[in-house]
Amino acid sequence: MNENIVNFVYLIAGVLFILGIKGLTKPKTAVRGNMLSALGMLIAVVVTLLNMNTIDYSYIVAGVLVGSIVGSIMALRIQMTSMPQMVALLNGFGGGASLTIALAEYYTKLGTTPASFAELLNPVVADSAAFGAGPEGTVALLAIGLTVLIGALTLTGSLVAFAKLQELMKKSYGLPGGPIGNALFLIAALVAVALVVVNPGNVAAMVAVVALALLLGLFLVMPIGGADMPVVIALLNSYSGIAAALAGFILGNTVLIIAGSLVGTSGLILTRIMCVAMNRSLANVLFGKMAAGGETIDADEVYAGKVTSAQPDEVAMLLETAQRVVIVPGYGMAMAQAQHAVRELADAMEAKGVEVEYGIHPVAGRMPGHMNVLLAEAEVPYDNLVEMDRINPTFEDTDVVIVIGANDVTNPMARDVEGSPIYGMPILNVDKAKTVVVIKRSLSPGFAGLPNPLFAMDHTLMVYGDGKKAVVEMTTALNQA
Amino acid sequence: MDILILLLALFVLSLFLGVELITKVPPTLHTPLMSGTNAVSGITLVGALLAAGNDGSPMMVNILGFIAVTLATINVVGGYLVTNRMLAMFKRK
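Figured I'd write up the structure that's included with this text. In this text, all values refer to a predicted model and were calculated from it rather than measured experimentally.

1. Structural notes on the overall build of chain B
Per the secondary structure count, chain B includes four helices and zero strands. Beginning at the N terminus, the succession of helices and strands in chain B can be written as α-α-α-α. Taken against the 2.2 N^0.38 rule, which gives 12 Å for 93 residues, the C-alpha radius of gyration of chain B at 17 Å runs more than 25% over that of a compact globule. Projected onto the principal axes, the alpha-carbon positions of chain B cover approximately 55 × 35 × 15 Å. Here chain B holds 93 residues, and 67% of them are scored as buried. In chain B, of all internal contacts separated by at least 6 residues, the share reaching a separation of at least 24 is 67%.

The following block contains the structure:
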């Protein structure tokens, strides 16, 4: 087939991807956008297959079959609360795909036929001319090296992120020396890339890139705690896109470059949004601990004798007379699978003429938009999910705020106590409401490890226990009232 | 070199387009955005097909290609399906 026709079809596919993402700017057009994007994928794949000359379908059919089965099972069976794990895995697979493509291209261009994986290490005589004429060969080699590096790092980093989210790995390990150890690994990997570019036949250097990058992915993500996962997932999302775009440079393939760079920017923008919402730099999330600044605050001193607890039926009485209630969900709601119970409570309140809205902090949950998806699953209309900037001015006119499973994002110390480790982080100003109800298992601190003075305020009521059970009891009491 | 500079131009312009597009996606849809872009990054399937299906290549290359096809297909199929599942929940009122 004519190369021009192929590239024209790739252009159409690229346009469909762009229209697909454009569709995601509104919930109403989002489903159609996703379909357009999938259509773009289909025609790109079909035209690629039609364009191949000597084709052996056995590996393709096997791969597509296995991939489709695994992909469909994952997509259809995953629970909405586990969506961060799913996205982490998909990031990893994306990185893995780019890694293996780059390696396949490398060995193809080398022109060797290693009989076994052991023979892969043997050096071969080759120069960059095999990869393209003049500077093109050098650029192709550089692209291969960087794709391998980023792809491998994304693969293992994402698997660690998955293990952390799934709570398979609870402890945080890291390289001795922290960021310095990681930097040494990165430099070593880049040196290995340079060796490959200088002497493409240096197969051992290529294997070293793979090994170093795989390890680097592990070491980068292992020390990072659960509540920082939104940043990590968004960043790995970006890496998987960048790896795809680089793979486009290896193959001279336009649609890979368009799609890869769209994904790359998407991940980067989400990373930035998450960092701003935590008032931390990316370097701080990746390498730092929470700043140890300020004198240690004694939890007992904050809470002693000042915490008021309440039973669910007492809260129900409050809700009955309220005019406006705001529900603030956090990761605890996902843990307790309480999203449906929360919707039912909101329904019960609305039946009594109470105005109910949801205040969503950008980093609530374990990935960007996590809470929105959970509440959408529970059939909460998306108009009722209000972003932080829009909900904050309304708290003063709010009778009751129900905080369920959120902690640090409501901590007034972030606003009031200069020198506190979280000072400057934008929070939901729930303490401005007339009454705050906090549903929580205990007074234990959140991820930042800080006591939350909100719990000790005069107008705050603590409801201890399982989030779902407490909410269900409130609903029952409200319906009987 | 001509091709290379064109590819580079395409890359840079796509980055800018990406910024313009993505900043308009509301926070409510950030999770579907991530899974949807995961599906889009499965476009590496195109490259994977070339590696897996080339009859003249050494078997090792074909095996690497097979792995790439499998992983990319998981991204494409899993990504689009799960995004569709999520977006369908946002649609109903």
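2. Quick word on unusual backbone geometry
Negative phi characterises most residues that are not glycine, and trans characterises most peptide bonds. Within the chain, A:N279 stands out as a residue other than glycine whose phi angle is a positive 55 degrees. Here A:N279 shows up in the loop between α9 (254-278) and α10 (282-287).

3. Things to note about the interface of chain B and chain A
Listed per partner, the contact involves 81 residues of chain B and 97 residues of chain A. Ranked by residue count, the leading element in the side of chain B that touches chain A is helix α4 (residues 59-91) of chain B, at 31 residues. In terms of residue class, the side of chain B that touches chain A is made up of 48 nonpolar, 27 polar and six charged.

4. Quick notes on the pairing of strand β5 (residues 400-404) of chain A
Residues and elements named next belong to chain A. Where burial is concerned, most of β5 is hidden: five out of the five residues are buried. As judged from the five bridges shared by strand β2 (residues 324-329) and β5, these two strands associate in the parallel manner. The residue of β5 that forms the bridge with V326 is V401. Direction of pairing for β5 relative to strand β6 (residues 435-440): parallel, over a ladder of five bridges. Bridged to I404 within β6 is I439.

5. A short note on the packing of helix α12 (residues 312-321) of chain A against helix α18 (residues 467-480) of chain A
All names here are of chain A. Between α12 and α18, the least distance of the axes is 8 Å, while the angle of their chain directions is 55 degrees. One way to sum up the angle between α12 and α18 is to call them oblique. In this structure, α12 crosses over α18, and the sense of that crossing is right-handed. In this structure, α12 contributes P312, D313, V315, A316, L319 and E320 to the contact, and α18 contributes A470, E473, M474, A477 and L478. Broken down by class, the residue content of the contact of α12 with α18 amounts to eight nonpolar, no polar and three charged.

6. Topic: the packing of helix α2 (residues 27-51) of chain A against helix α2 (residues 30-41) of chain B
Where α2(A) meets α2(B), the closest approach of the two axes is 10 Å, and the angle between their N-to-C directions is 15 degrees. Classed by the angle they form, the pair α2(A) and α2(B) counts as roughly parallel. Classified by chirality, the crossing of α2(B) by α2(A) is left-handed. On α2(B), the residues that touch A:A30, A:N34 and A:S37 of α2(A) are B:P32, B:G36, B:A39 and B:V40. Its residues assigned to classes, the contact of α2(A) with α2(B) comprises four nonpolar, three polar and no charged.

7. Overview of the environment of A:I402
Residues and elements named next belong to chain A. With respect to the helices and strands, I402 occurs in strand β5. I402 sits in the buried class, given 31 other C-beta atoms within 10 Å. The residues touching I402, leaving out its near neighbours within four places in the chain, are V325, I327, V328, V437 and I439.

Calculation notes
Residues numbered from 1 in each chain as written. Chains lettered and ligands numbered in written order. Predicted model: local features only at pLDDT ≥ 70, side-chain atom pairs only at ≥ 80, totals over all residues. Helix = DSSP H or I, 4+ residues; strand = E, 2+ residues; numbered from the N terminus. Rg over C-alpha atoms; globule rule 2.2 N^0.38 Å. Buried ≥ 20, exposed ≤ 12 C-beta atoms within 10 Å, placed from the backbone. Contact = placed C-beta atoms within 7 Å. Nonpolar A, V, L, I, M, F, W, Y, C, P; charged D, E, K, R; others polar. Pairing = 2+ DSSP bridges. Axes fitted to C-alpha atoms, helices over the stretch in contact; angles between N-to-C directions. Parallel < 35°, antiparallel > 145°, perpendicular 65-115°, else oblique. Left-handed = near helix turned anticlockwise from the far one by under 90°.

Don't take any of this as a statement about function, it's just geometry.
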